[in-house]
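Fold and geometry: a report
This is what each chain is made of:
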Amino acid sequence: MPITVVTADITQLRVDTIVNAANPGLLGGGGVDGAIHRAAGPALLNACRALPESAPGVRCPTGEVRITPGFDLPVRYVIHTVGPIWQGGDHDEAELLSHCYRNSLRLLREHRLHTIAFPAISCGVYGYPATLAAAVAAATLCDEPTHDASIDITLCCFSDAMRAIFQGALNAV
Ligand code: AR6
């Protein structure tokens, strides 16, 4: 299962599915979420709004995933996940972040897709220290069954500094 780390705008990538670092409401926001909604067009917001709420205003609890079409994006699907807000590290942040990656790959397999790109989930507005988040991402992805050579993972960082952190974490696994 090859894992590549790149510096790029995730909305430009031509993969089967990109992952969105969303919030539980799934109705858009800033950062990569805002960029994905802008590039996908208003149909994405409508698709998200149509997803059922599990509690008032919650369409995707932290660590879980939901899937929609990619609409105007050059991808077939968007997998929306919600990373944990960093609260110092003793509020199950690592486990919840790990669930984001693992559940995204589960959906990828269920939909028989092969290529996926992740942003640095939780590393922006949600405040997760990048070195710690990268270690969780690398450990989780490298823990996946490696016999599945048909799955190709891209870790899409928005700066070279972030790319170096994620590459370093992968090298350390
Ligand atoms: N392509 C790739 N990475 C990007 C892009 C892009 N176009 N834009 C930003 N990033 P964030 P979070 C990087 O804040 O921390 C939203 O408002 C960014 O530099 O997008 O999980 C949601 O609605 C950072 O490294 O996501 C939630 O409310 C990484 O993506 C909240 O932010 C994640 O930063 C989620 O916060």
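Residues numbered from 1 in each chain as written. Predicted model: local features only at pLDDT ≥ 70, side-chain atom pairs only at ≥ 80, totals over all residues. Heavy atoms only, no water.

**A short note on the packing of aromatic side chains**
To keep it simple, the criterion reads: A pair of Phe, Tyr and Trp rings is counted when the ring centres sit within 6.5 Å of each other, with Trp represented by its six-membered ring. The angle between the planes then sorts it: under 30 degrees is stacked, over 60 is edge-to-face, the rest tilted. The way it works is that DSSP assigns letters per residue, a run of H or I at least four long becomes a helix, a run of E at least two long becomes a strand, and they are numbered from the N terminus. Partly exposed describes any residue whose relative accessible area lies between the buried limit of under 20% and the exposed limit of over 50%, with all areas from a 1.4 Å probe on protein chains only and scaled to the type maximum.
Using the criterion set out here, one finds two aromatic pairs in the structure. Judged by centre distance (4.7 Å) and plane angle (55 degrees), the ring pair of W86 and Y128 falls under tilted. Placement of the pair is W86 in the loop between strand 4 (77–81) and helix 3 (93–110) and Y128 in the loop between strand 5 (115–118) and helix 4 (130–142), with a sequence separation of 42 residues. The buried category is assigned to Y128, whose relative accessible area is 4%. Both rings, one in Y101 and one in F118, keep their centres 4.8 Å apart while their planes meet at 45 degrees; by these two values the pair is tilted. Of the two residues, Y101 is situated in helix 3 and F118 in strand 5; the sequence distance between them amounts to 17 residues. Accessibility expressed as a relative area gives 1% for Y101, which makes it buried. Residue classification places F118 among the buried positions, given a relative accessible area of 0%.

**Some thoughts on the nonpolar core**
Basically, it comes down to this: Take the buried residues of types Ala, Val, Leu, Ile, Met, Phe, Trp, Tyr and Cys, join any two whose side-chain atoms come within 4.5 Å, and each joined set is a nonpolar core. Contacts were defined at the residue level, with two residues in contact if any of their heavy atoms lie within 4.5 Å.
Y101, I116, F118, I153, L155 and F166 are the most contacted members of the largest nonpolar core, which totals 33 residues. Sorting the residues of this core by element identifies helix 3, strand 5, helix 4, strand 6 (152–157) and helix 5 (160–172) as the ones contributing at least two each. Per-element tally for this core: the top contributor is helix 4, with seven residues. Not counting residues within four places of it along the chain, the set of residues in contact with F166 comprises V5, Y101, A120, C123, A130, A134, A137, L155 and C157. Formed by 19 residues, the second largest nonpolar core is a distinct cluster that contains A40, L44, V78 and A117.

**Looking at the site of the ligand**
Rule in force here: One heavy atom within 4 Å of a molecule or strand is enough for the residue carrying it to be called near that molecule or strand. Definition of a polar contact: a pair of N or O atoms within 3.5 Å, with one able to donate and the other able to accept a hydrogen when the atoms are protein atoms, and with sequence-neighbouring residues admitted only if both atoms are side-chain atoms. The protein chains shown are the only cover counted for residues, whose accessible areas, like all others here, come from Shrake-Rupley with a 1.4 Å probe.
Taken together, the neighbourhood of the ligand is formed by 22 residues, with N23, G30, V32, D33 and G124 sitting nearest. Between the ligand and the protein, one listed contact pairs an oxygen atom with a side-chain N or O atom of D33 at 2.7 Å. In the model, an oxygen atom of the ligand is placed 3.4 Å from a nitrogen or oxygen of the C123 main chain. Relative to its free-state accessible area of 700 Å², the ligand is covered by the protein chains to the extent of 89%.

**Digging into the pattern of salt bridges**
Selection criterion: Put simply, a salt bridge is a Lys or Arg side-chain nitrogen that is within 4 Å of an Asp or Glu carboxyl oxygen.
Enumeration over the complete set of coordinates arrives at seven salt bridges. Close ionic contact of R59 with E53 constitutes a salt bridge, the shortest N to O distance being 3.4 Å. On the basis of relative accessible area, E53 is assigned to the partly exposed category, the value being 46%. The salt bridge partner of E64 is R66, with a shortest N-O separation of 3.1 Å. Under the relative-accessibility criterion, E64 is labelled partly exposed at 34%. When its relative accessible area of 22% is taken as the criterion, R66 is described as partly exposed. The structure contains a network of salt bridges with shared partners spanning R102, R109, D143 and E144.

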